[in-house]
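So the chains spell out like this:
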Amino acid sequence: MTEKPLPQVRITYCAQCHWLLRAGWMAQELLSTFATDLGEVTLVPGTGGIFTISCNDTLVWDRKRDGGFPDAARLKQLVRDVIDPDRDLGHADLKSDKSKDTPSKDPA
């Protein structure tokens, strides 16, 4: 039986815009969270304001389409949704807004 290949993440960043550090930081966040569950995280220099992140050839973030850059928690959720949708990310996971679910306590 052949093992399924591990997921691959590709971060394409604009070298002209000097977004290498941002791309590297996002790669570090993903590798810290998913560790050996990822096969690789690749940084690809580009031009023209590009900043895209794909996981297993699925585009999960596009700076132009999605408006800016994802924060670390959002990026981890997007990658998780592709590689293991049932995985709990703990504090990085968005839960329902508990303030809407529970009545507020009157301090008086």
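Data block above holds the structure.
Because the structure is a prediction, the values reported are computed rather than measured.

A. Helix 3 (residues 72-83), seen in detail. An ideal rise of 1.5 Å per residue puts 16 Å on 12 residues; helix 3 measures up with 17 Å between its terminal C-alpha atoms. All of the buried residues in helix 3 are A72, L75, K76, Q77, L78, V79 and R80. Looking at the buried residues of helix 3, the elements they touch are strand 1 (8-14), helix 1 (20-34), strand 3 (51-55) and strand 4 (58-62).

B. Focus on the packing of helix 1 against helix 3. Here helix 1 crosses helix 3 at 55°, and the two axes come no closer than 10 Å. Considering the angle they form, helix 1 stands oblique to helix 3. Once helix 1 is placed against helix 3, the crossing between them reads as right-handed. Within the contact between the two elements, helix 1 uses W25, M26, E29, L30, T33 and F34 and helix 3 uses A72, L75, K76, V79, R80 and I83.

C. Layout of the layout of surface pockets. Taken as a whole, the largest pocket holds about 160 Å³ of empty space. Classifying every residue of the lining of the largest pocket gives 5 nonpolar, 1 polar and 4 charged.

D. Examining the nonpolar core more closely. Counting 21 residues, the largest nonpolar core has V9, I11, L30, F51, I53 and V79 as the members making the most contacts within it. Only strand 1, helix 1, strand 3, strand 4 and helix 3 provide two or more residues apiece to this core. Not counting the four nearest positions on each side in its chain, I53 is found in contact with V9, R10, I11, M26, T58, L59, V60, W61, P70 and L75.

Calculation rules
- Residues numbered from 1 in each chain as written.
- Predicted model: local features only at pLDDT ≥ 70, side-chain atom pairs only at ≥ 80, totals over all residues.
- Heavy atoms only, no water.
- Helix = DSSP H or I, 4+ residues; strand = E, 2+ residues; numbered from the N terminus.
- Expected span 1.5 Å × (residues − 1).
- Buried < 20%, exposed > 50% of the residue type's maximum accessible area, 1.4 Å probe, protein only.
- Contact = heavy atoms within 4.5 Å.
- Axes fitted to C-alpha atoms, helices over the stretch in contact; angles between N-to-C directions.
- Parallel < 35°, antiparallel > 145°, perpendicular 65-115°, else oblique.
- Left-handed = near helix turned anticlockwise from the far one by under 90°.
- 1 Å grid on protein atoms, 1.4 Å probe; cavity = no way out; pocket = protein on both sides within 12 Å on 5 of 7 lines; lining within 4 Å.
- Points joined across faces, edges and corners; volume = space filled by probe spheres on them.
- Nonpolar A, V, L, I, M, F, W, Y, C, P; charged D, E, K, R; others polar.
- Core = buried A, V, L, I, M, F, W, Y, C linked by side-chain atoms within 4.5 Å.

Spatial relationships are all this shows, so hold off on functional conclusions.
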